[in-house]
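Single-letter residue listing:
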Amino acid sequence: MSGVKSREDLRILFLGTPEFAASYLEFLLERNYNIVAVISQADKPRGRGQKLLPTPVKEVALKYKIPVFQPKSLAIEGMEVIEKFRPNIGIVVAYGRLLKKPFLDALEFYNVHASLLPKYRGAAPMQRCLEAGEKVTGVTIFKISEGMDDGDIAMQKAFEISECETLGELYEKMIKYGTQLLDKFLTNYPVPLIPQDHTQASYAPKIEKKDLCVDFSMPAEVVRNKIRAYDPVPGTRALLDDVEVKLFGACEVEEFEFDSGHGALPTPGTVVCIDKSKGGLVACEDKALWIKYIQFPGKNKITFNDAKNGGLIKEGMVLKKIE
């Protein structure tokens, strides 16, 4: 970054698309970083009416009157943006496309990734680390290469995950700690880079429909991790009397207790008990799991107790895996 002496001299090209990336862009703009242009993916239909709406990143760029572009080809239109605005660094947050040559060679690009690389490279690092029951995760800023999240590391910030933490809660921490780390990185740029240990790499593939299906024949902690990895969106699924329901708010794991003479474990997925404050106690392979909320098709999520009072669920019913 020769010749860059101050924050104003640092001319940033920002690439991003969803709400997560929009939070980072707004953070930089609020702190008067010099964002010379923004690149985002094409607008897509969103919301209940499926109306064509600008991407969240585009909305922020328009709000601050920053030039925003949505090129079909970075190799052609993207190169024109670089030539016109002369940035000296590119910051990428959840853009959604891999950067390739010659675009990648035209500028130093750094990506903000929601994991402690080399762990959880790929599209869904937050969901996959929660699913795996990780106790620690973090944010990594790395220099982009042509591979999948395998470039040299500039900075990292680690933090703990609580045992009942949901995707929504982790998402907010990723924004909090990630924006702080990005600010530190840009303030100190250029910084020494450290190669990743590729032998320790793991992958976080994009979410498929099958990933959302809960299997109560698994241990209770595994089931809890599955539910919280997709809470609040898009929500895990199970079948209740052939009705597909969503489940949220999984936390406390409980050992089974039986009266004298009743030693057999209930069928996995059985709603053993419904409590006003705790929710529904659902049998798993080894223990039982308290789940607070359930959502029926076309309805808002409600507590298990409200669902019971409404005649939608009762003790003894079984939540089955969607095959």
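Up top is the structure these notes are about.
Report on the accompanying structure. Every chain is numbered independently, its residues counted from 1 as its sequence is written. With pLDDT at 70 or above as the cut-off, local features in this predicted model cover only qualifying residues; side-chain atom pairs require 80 or more to be listed or tallied, and sums for whole chains, interfaces and linings still use all residues. The side-chain quantities take in all heavy atoms of the structure and omit both hydrogens and water.

## Points about the sheet that holds strand 1 (residues 11-16)
Point 1. Only strands that DSSP links by at least two bridges are regarded as paired with each other. Starting at the N terminus, helices and strands are each numbered in turn, a helix being any DSSP run of H or I of at least four residues and a strand any DSSP run of E of at least two. Pairing is mixed in the open sheet, where seven strands are placed in the order 5-2-1-6-7-8-9. Two strands lie at the open edges of the sheet, namely strand 5 (68-69) and strand 9 (153-160), each paired on one side alone.
Point 2. Pairs of residues are marked as contacts when any of their non-hydrogen atoms sit within 4.5 Å. With axes taken as lines fitted to C-alpha atoms, and helix axes fitted only over the stretch in contact, angles between N-to-C directions fall between 0 and 180 degrees. Sitting on the sheet, helix 3 (residues 74-85) is in contact with strand 1, strand 2 (34-39), strand 5 and strand 7 (109-113), with an inclination near 165° to strand 2.

## Quick notes on the layout of surface pockets
Point 1. The way it works is a 1 Å grid over only the protein atoms, where trapped points that fit a 1.4 Å probe form a cavity and open points with protein on both sides within 12 Å along at least five of seven lines form a pocket, and then any residue with an atom within 4 Å of a point lines it. Grid points are joined across faces, edges and corners, and a volume is the space filled by probe spheres set on the points. Within this model, the largest pocket holds a volume of roughly 1400 Å³.
Point 2. Taken together, 43 residues make up the lining of the largest pocket; nearest its centre are Pro 18, Ala 94, Tyr 95, Gly 96 and Ala 123.
Point 3. Those elements that place two or more of their residues in the lining of the largest pocket are helix 1 (19-30), strand 3 (44-46), strand 6 (89-93), strand 7, helix 4 (125-131) and helix 5 (167-188).
Point 4. Polar here means any residue outside two lists: the nonpolar Ala, Val, Leu, Ile, Met, Phe, Trp, Tyr, Cys and Pro, and the charged Asp, Glu, Lys and Arg; Gly therefore counts as polar. The residue makeup of the lining of the largest pocket, split by class, is 26 nonpolar, 11 polar and six charged.

## Remarks on the packing of aromatic side chains
Point 1. Pairing of aromatic rings covers Phe, Tyr and the six-membered ring of Trp, with a centre-to-centre limit of 6.5 Å; geometry is then stacked below 30 degrees between planes, edge-to-face above 60, and tilted otherwise. Within this structure, the stated rule accounts for eight aromatic pairs.
Point 2. Between Phe 159 and Tyr 177, the aromatic rings sit 4.8 Å apart at their centres with planes inclined by 25°, giving stacked as the arrangement. One end of the pair, Phe 159, is in strand 9; the other, Tyr 177, is in helix 5, with 18 residues separating them in the sequence.
Point 3. Residue exposure (1.4 Å probe, protein chains only): buried if accessible area is under 20% of the type maximum, exposed if over 50%, otherwise partly exposed. Owing to a relative accessible area of 6%, Phe 159 belongs among the buried residues under this scheme.
Point 4. When the ring of Phe 185 is compared with that of Tyr 189, the centres are 5.5 Å apart and the planes differ by 65°; the resulting orientation is edge-to-face. The two residues Phe 185 and Tyr 189 agree in class, both being buried.
Point 5. These aromatic residues form a ring-pair network of at least three members: Phe 20, Tyr 24 and Tyr 171.
Point 6. When the NZ atom of lysine or the CZ atom of arginine is within 6 Å of a ring's centre and also within 35 degrees of its normal, the charge is said to sit over that ring. Sitting over the face of the ring of Phe 248, Lys 301 holds its NZ or CZ atom 4.9 Å from the ring centroid.
Point 7. If you follow Lys 301 out to its NZ or CZ, it ends over the ring of Tyr 293, 5.0 Å from the centre.

## Here we look at the state of the cysteines
Point 1. Count a disulfide wherever a pair of cysteine sulfur atoms falls within 2.5 Å. Per the stated rule, a full pass over the model turns up one disulfide.
Point 2. Disulfide pairing places Cys 164 opposite Cys 251 at an S-S distance of 2.0 Å. On the sign convention where negative means left-handed, the S-S torsion of about 80° between Cys 164 and Cys 251 marks this disulfide as right-handed. Of this pair, Cys 164 sits in the loop between strand 9 and helix 5 while Cys 251 sits in strand 11 (residues 243-254), and the two are 87 residues apart along the sequence.
Point 3. Note on Cys 164: relative accessible area 19%, which makes it buried.
Point 4. Here Cys 213 stays unpaired: no disulfide links it, and the sulfur of Cys 284, its closest cysteine neighbor, is 16 Å away.
Point 5. In this model Cys 284 remains outside any disulfide bridge; the closest cysteine sulfur is found in Cys 251, 13 Å from its own.

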